[in-house]
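So you can see what is in the structure, the chains are spelled out below.
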Amino acid sequence: MTSAPNTTPAPGWVGGFAQSNPAFAYPDPDLSSLPMLDNMANIDKLDRCQDVLWPEFSWQTVPGDEDTRCYQMFAPDISRIGYTNEGRVYSIICPQQGAYSPSFGVLNVEVTVTGQRGWVDENTKTMAADMSVQGKVWFSPSAKEKDWSSFCGRRSTPRGCPFPIARPTPSPSRPIIGANRIS
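Residues numbered from 1 in each chain as written. Predicted model: local features only at pLDDT ≥ 70, side-chain atom pairs only at ≥ 80, totals over all residues. Heavy atoms only, no water.

1. Structural notes on the overall build of the chain
Point 1. The helix and strand inventory of the chain stands at 1 helix and 10 strands.
Point 2. Traced from its N-terminal end to its C-terminal end, the chain shows the element sequence β-β-β-β-β-β-β-β-β-α-β.
Point 3. Scored against the burial criterion, the 183 residues of the chain give a buried share of 37%. (Helix = DSSP H or I, 4+ residues; strand = E, 2+ residues; numbered from the N terminus. Buried < 20%, exposed > 50% of the residue type's maximum accessible area, 1.4 Å probe, protein only.)

Printed below as a string of structure tokens:
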């Protein structure tokens, strides 16, 4: 026997923030009237949290040229969105992922959210949020034991590009998490 998914918001849900500005509405929510807030500055305001089932990031490989926009979807159910009982988003948590290769060691990719804005509507199971992030890519220290690592390190360091073993200084990018349905 299977049961239907619960479509009733959890106790305490008030809602209304998504409807507070007509520009926030689907199919193309415009959140530009909201300030981009520091992701950790308003943690004390969070009342609720949900998973973001399919986080999709996009960026322009040539800034200002929309034709160069690339998209990348991370693993499902790895991100979280924090918000108030009214639905105002104040925090988005994004993933860190690693992949192991016996030949190369562990390659790590992390997305650190630096700013965000948006809304959640538990009644309609929808959300829309923009965010700015810093992407980080590095090899775990065990990669130093691999032959290729010393080869690449010897060639990159003299050129002013230290080989990324351990966490590097991040390069900022400005992907946007699209308007996604909440599971």
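2. Digging into the nonpolar core
Point 1. Counting 16 residues, the largest nonpolar core has Ile-81, Ile-92, Cys-94 and Met-131 as the members making the most contacts within it.
Point 2. Those elements that provide at least two residues to this core are strand E5 (79-83), strand E6 (89-93), strand E8 (105-121) and strand E9 (126-139).
Point 3. Broken down by element, the residue count for this core peaks at 4 residues, all from E9.
Point 4. Once residues within four sequence positions are removed from consideration, Ile-81 is found in contact with Arg-48, Cys-49, Gln-50, Val-52, Val-89, Ser-91, Ile-92, Val-120, Met-127 and Ala-129.
Point 5. Core analysis: the next-biggest nonpolar cluster, separate from the first, contains 7 residues, Ala-18, Phe-24, Leu-31 and Leu-34 among them. (Core = buried A, V, L, I, M, F, W, Y, C linked by side-chain atoms within 4.5 Å. Contact = heavy atoms within 4.5 Å.)

3. Brief notes about the pattern of salt bridges
Where charged atoms from two side chains of opposite charge approach closely, those side chains can pair.
Point 1. Taken as a whole and assessed by the stated rule, the structure comprises 4 salt bridges.
Point 2. With a closest N to O distance of 2.5 Å, Glu-66 and Arg-69 form a salt bridge.
Point 3. A relative accessible area of 48% places Glu-66 in the partly exposed class.
Point 4. For Arg-69, a relative accessible area of 22% puts it in the partly exposed group. (Salt bridge = Lys/Arg side-chain N within 4 Å of Asp/Glu carboxyl O.)

4. Looking at the sheet that holds E5
Point 1. The 3 strands lie next to each other as E2-E5-E6, forming an open sheet whose pairing is antiparallel. Every other strand in the sheet has two partners, leaving strand E2 (48-52) and E6 as the edge strands with one partner each. Strand after strand, the sheet turns through a mean of 20 degrees between neighbouring axes, direction not considered.
Point 2. Two strands pair when backbone bridges link them, and E5 and E6 are joined in this way by 4 bridges, in the antiparallel orientation. Following the sheet pairing, Tyr-83 is matched in E6 by Val-89. (Pairing = 2+ DSSP bridges. Axes fitted to C-alpha atoms, helices over the stretch in contact; angles between N-to-C directions.)

5. Let's talk about the environment of Phe-104
Point 1. Inspection of the secondary structure puts Phe-104 in the loop between strand E7 (96-101) and E8.
Point 2. What makes Phe-104 partly exposed here is its relative accessible area of 43%.
Point 3. Here the alpha-carbon distance between Phe-104 and Ser-140, two residues 36 residues apart in the chain, equals 9.9 Å.

6. Quick look at the pairing of E9
Point 1. Counting buried positions along E9 yields 11 of 14 residues, so the element is predominantly enclosed.
Point 2. Hairpin connection of E8 to E9: 4 residues between the antiparallel strands, including Lys-125 at a positive phi of 60 degrees.

7. A short note on the packing of aromatic side chains
Point 1. Applying the stated criterion to the full structure yields 3 aromatic pairs.
Point 2. Measuring from ring centre to ring centre gives 5.8 Å for Phe-17 and Phe-24, while their planes differ by 35 degrees; the resulting arrangement is tilted.
Point 3. On the basis of relative accessibility, which here comes to 16%, the residue Phe-17 falls in the buried class.
Point 4. Residue Phe-24 is classed as buried on the basis of its relative accessible area of 2%. (Phe/Tyr/Trp six-rings, centres within 6.5 Å; stacked < 30°, edge-to-face > 60°.)

8. Some remarks on the environment of Gln-50
Point 1. Here Gln-50 shows up in strand E2.
Point 2. A relative accessible area of 15% places Gln-50 in the buried class.
Point 3. C-alpha of Gln-50 to C-alpha of Asp-77: the two residues are 27 residues apart in sequence and 9.6 Å apart in space.

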